[in-house]
Amino acid sequence: MSGNWNSGLPFLPGYAFYDVTKSAFHRPQTLDYKNGYALPRRPTVGIGQDPLFSEQLILQEISKLSSETPAITYGSFDQSVVEDFIPAHVALDKKVLRFYAYFQENILFSPEEECRARPVVIYYYLEDDSMCIIEPVVENSGMPQGKRIKRQRLPKNERGEHYQWKDLNIGMDLEVYGVKYRITQCDAFTKEFMESEGIVLNDPEPMPCVTRGKNPRPSYTTPSEFDNKQQFLTMDRKVLRFFALWDDADSLFGETRPVTIQYYLVDDTVEIREIHKPNSGRDPFPVLMRRQKLPKKIKPESETFPRCVLEVSTAEVDEYYSPKDFQAGQRITLLGRHFLLYDCDGFTKEYYQKNHPDMKMNPSELPKNTDLLREKKEVPPYNGFGSLEDSLQNCFSLIPEPPKKNVLKMLENDHKVLRYSARLDSQNPEDEGRRFILSYFLSNDMISIYEKSSRNSGIIGGQFLEKTRIPKPGSTLDNPEFYSPADFAIGATVEVFSRRFVLTDADHYVLMYLESNASQIPCQTLDSLRQKLGVGTTNNQSADQNGGDVGEPSS
């Protein structure tokens with residue numbers, strides 16, 4: 001069915017019929033893109049259009065087909081392949097034109113030059129037609145260099161126009177913000193791009209040298225024996241470093257301290273830094289002497305100069321310290337302080353080998369008594385409060401820490417207790433019937449004493465001594481010796497804080513434990529336990545092997 005089947009009907013309401021052949025019901029596009037530009041789409045003939053305009057289009061199409069009959073008759077011709085459209089910002093991305101130029105700077109009040117040529121590099125970004133101008137940085141030039149104009153579109157004139165790549169060429173003056181830049185050269189990519197666009201580049205120009213004045217002003221300078229400028233350019237950031245010891249033992253609380261002496265070759269200044277050590281008790285101020293020139297010899301007429309309150313100038317100094325005055329292995333006095341130069345770094349050794357080969361830089365060994373011999377700290381006597389180890393921690397630090405414990409021993413011997421029965425050895429007749437249980441804890445080597453209660457004795461039983469370590473009689477506080485299971489034999493006397501206890505019996509677990517460690521227990525202690533527990537110990541056989549209460553001693 002043709003698309004113009006209702007073209008003969010008048011375009012009135014009721015004369016338009018629904019097209020039953022229509023299969024696409026989406027909203028059609030109204031724009032077509034040709035060569036990257038949006039153009040309105042050519043209207044098509046359909047239902048609801050002007051019949052006369054439709055007929056006119058049909059006639060135009062017929063005439064166009066009639067004019068193309070030779071192509072149909074003799075076959076189709078080869079059509080060129082249409083390339084994909086690439087936007088300008090994609091095709092020209094990261095493509096930069098680079099031109100080399102310079103500008104003239106006027107020099108005022110200079111007898112040697114009137115103007116100076118400063119080279120720059122001009123970058124032109126084809127992506128967005130922006131430009132930036134950068135001056136190469138020269139070390140120690142004394143001039144602010146780097147980026148002169150940041151990336152932007154540079155104005156061309158007062159009408160609001162901007163510079164384009166077509167406006168740039170070699171041998172032209174580019175005026176930007178009142179400064180004229182003379183373009184002298186460009187790189188290979190810029191030359192290839194400009195020639196591909198049909199622009200003929202001019203011949204490159206040489207970069208001019210510094211323009212000197214034709215008639216410079218006469219100047220008179222006194223020749224100097226030493227060139228300070230040459231010293232600055234050649235010796236900048238070169239430092240001689242010596243490792244020394246400051247001998248301050250002559251002062252009241254003096255000692256020998258390690259320091260670092262640094263000699264700056266650029267201006268012949270000396271700086272002394274103290275090496276800070278952790279837990280030294282001093283504030284971390286490393287600079288012992290600030291960087292300055294040290295006078296070695298004062299002029300005779302300036303001997304009375306008040307150097308303690310006024311700074312010494314070159315008018316009063318006859319000679320300053322130089323690298324020849326510093327030698328490894330020798331002693332030197334700086335501002336009244338004595339230093340021993342015992343070593344230096346690698347750069348210092350190379351400098352002396354090259355400039356002063358006659359000076360031998362032989363490092364010396366450090367003296368053994370680098371620190372001032374001090375008297376040994378005496379530990380104050382034990383005051384009786386707390387344990388001996390806990391009280392000793394107060395002598396080591398202002399904030400005492402708890403003494404370290406043998407954790408492995410505590411885990412292996414946890415809940416292991418050796419129990420002994422004992423009586424009090426006293427001349428008082430009232431203490432004859434008192435019975436005690438002495439418990440030795442293997443986890444921390446502490447002893448506790450418990451008193452059994454007896455009827456009508458008039459003495460209240462219970463805890464007699466809490467857990468503590470008991471030193472042996474005759475032991476000192478510097479080297480205390482405490483009781484151990486090897487000292488607890490049957491019939492032995494244990495002195496506990498001026499009280500004497502006689503061991504009369506023991507638990508069966510005591511004998512089992514001591515026999516398992518027989519190499520550390522004397523034979524006398526084992527024999528006394530075997531003799532006591534081997535005969536008439538039926539009441540003690542039922543005691544818990546892990547440390548049950550000791551019953552009444554056998555008769």
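Residues numbered from 1 in each chain as written. Predicted model: local features only at pLDDT ≥ 70, side-chain atom pairs only at ≥ 80, totals over all residues. Heavy atoms only, no water.

What follows covers the overall build of the protein. If you tally the helices and strands in the protein, you get ten helices and 22 strands. Of the contacts made within the protein by residues no fewer than 6 positions apart, 49% connect residues no fewer than 24 positions apart. In the form shown here, the protein has an accessible surface area of approximately 39,700 Å², with 51% of it arising from carbon and sulfur atoms. (Helix = DSSP H or I, 4+ residues; strand = E, 2+ residues; numbered from the N terminus. Contact = heavy atoms within 4.5 Å. Areas by Shrake-Rupley, 256 points an atom, 1.4 Å probe, with all protein chains shown as cover.)

On to the pairing of strand β11 (residues 269-274), then. Of all six residues in β11, five are buried; the element is thus mostly enclosed. Looking at chain direction, strand β10 (residues 256-264) and β11 are connected through six bridges and run antiparallel. Bridge pairing in β11 links Thr260 to Arg273. The pairing of β11 with strand β12 (residues 287-292) spans three bridges and is antiparallel. For Val270, the partnering residue across the bridge sits in β12 and is Gln292. (Buried < 20%, exposed > 50% of the residue type's maximum accessible area, 1.4 Å probe, protein only. Pairing = 2+ DSSP bridges.)

The next thing to look at is the sheet that holds strand β20 (residues 462-468). If you trace the six strands from one edge of the open sheet to the other, you get β20-β19-β18-β17-β22-β21, paired in antiparallel fashion. The sheet is open, and its two borders are formed by β20 and β21 (493-496), each paired with just one other strand. Each adjacent strand pair in this sheet contributes to an overall mean axis angle of 30 degrees, direction not counted. Sheet topology places β21 next to strand β22 (residues 499-506); four bridges connect them, and they run antiparallel. (Axes fitted to C-alpha atoms, helices over the stretch in contact; angles between N-to-C directions.)

This paragraph deals with the pattern of salt bridges. Applying the stated criterion to the full structure yields 24 salt bridges. For Arg434, the salt bridge is made with Glu451, and the minimal N-O distance between the two is 2.7 Å. Here Arg434, found in the loop between β17 (417-424) and β18 (435-441), pairs with Glu451, found in strand β19 (residues 446-451); they are 17 residues apart in sequence, far enough to count as distant. One salt-bridge network, held together by shared partners, links Glu105, Arg116, Arg118 and Glu135. (Salt bridge = Lys/Arg side-chain N within 4 Å of Asp/Glu carboxyl O.)

Here the focus is the side chain of Gln393. Structurally, the position occupied by Gln393 is in the loop between α7 (388-392) and α8 (407-412). Gln393 gets classed as buried once you look at its relative accessible area, which sits at 19%. For Gln393, the residues in contact, after removing those within four places along its chain, are Pro400, Glu401 and Pro403.

Moving on to the packing of helix α9 (residues 508-516) against helix α10 (residues 523-534). In contact at an axis separation of 10 Å, α9 and α10 are set at 145 degrees when each is read in the N-to-C sense. When the axes of α9 and α10 are compared, the crossing they make is left-handed. The residues of α10 that touch α9, namely those facing His508, Val510, Leu511, Leu514 and Glu515, are Thr525, Leu526, Leu529, Arg530 and Leu533. Residues of the contact of α9 with α10, tallied by class, amount to six nonpolar, two polar and two charged. (Left-handed = near helix turned anticlockwise from the far one by under 90°. Nonpolar A, V, L, I, M, F, W, Y, C, P; charged D, E, K, R; others polar.)

Locating Ser439 in the fold gives a position in strand β18. Residues in contact with Ser439, not counting those within four places in the same chain, are Val417, Leu418, Arg419, Met446, Ile447 and Ser448.

This structure, assessed with the given rule, holds 16 aromatic pairs. In textbook terms, an aromatic cluster arises when at least three aromatic residues are bridged by ring pairs, as seen for Phe242, Tyr263, Tyr321, Phe326, Tyr351 and Tyr352. The aromatic ring of Tyr320 is capped on one face by Lys293, whose charged end is 4.4 Å from the ring centroid. Residue placement shows Arg469 over the ring face of Phe482; its charged tip is 4.1 Å from the ring centre. (Phe/Tyr/Trp six-rings, centres within 6.5 Å; stacked < 30°, edge-to-face > 60°. Lys NZ or Arg CZ within 6 Å of the ring centre and 35° of its normal.)

Taken as a class, soluble globular proteins show a tendency for nonpolar side chains to be buried jointly. Counting 29 residues, the largest nonpolar core has Leu418, Tyr420, Ile447, Ile449, Phe488 and Leu514 as its most contacted members. Mapped by element, the contributors of at least two residues to this core are β17, β18, β19, β21, β22, α9 and α10. If one sorts the elements of this core by residue count, α9 sits on top with five residues. Val120, Ile149, Tyr181 and Leu201 belong to the second largest nonpolar core, which has 26 residues in total. (Core = buried A, V, L, I, M, F, W, Y, C linked by side-chain atoms within 4.5 Å.)

Of the pockets and cavities examined, the largest pocket occupies roughly 960 Å³. Around the largest pocket sit 35 residues that line it, and Ser387, Leu388, Glu389, Thr468 and Arg469 are the ones nearest its centre. Taken together, the elements giving at least two residues each to the lining of the largest pocket come down to α7, α8 and β20. Broken down by element, the residue count for the lining of the largest pocket peaks at four residues, all from β20. Residues belonging to the lining of the largest pocket are distributed by class as follows: 13 nonpolar, eleven polar and eleven charged. (1 Å grid on protein atoms, 1.4 Å probe; cavity = no way out; pocket = protein on both sides within 12 Å on 5 of 7 lines; lining within 4 Å. Points joined across faces, edges and corners; volume = space filled by probe spheres on them.)

Attention now goes to the sheet that holds strand β4 (residues 115-125). Read from one edge of the open sheet, six strands run β6-β5-β4-β3-β8-β7, paired in antiparallel fashion. One side of each edge strand has no neighbouring strand; the edge strands of this open sheet are β6 (146-152) and β7 (173-176). Taken pair by pair, the neighbouring strands of this sheet meet at an average axis angle of 30 degrees, ignoring direction. Strand direction decides the pairing type here: β4 and strand β5 (residues 130-135), joined by five bridges, are antiparallel. The residue of β5 that forms the bridge with Val121 is Ile134. Packed onto the sheet, helix α4 (residues 188-196) meets β3 (96-106) and β8 (179-186) and runs at close to 110 degrees relative to β3.

Okay, a nonpolar patch on the surface next. Among the surface-exposed residues, Leu9, Leu12 and Tyr15 lie close enough to one another that they form a single nonpolar patch of about 270 Å² accessible area. Residue position: Leu9 is located in the segment before β1 (31-34). Residue classification places Leu9 among the partly exposed residues on the basis of a relative accessible area of 33%. (Patch = residues over 30% accessible without salt bridge, like charges linked within 9 Å, V, L, I, M, F, W, Y side chains within 5 Å.)

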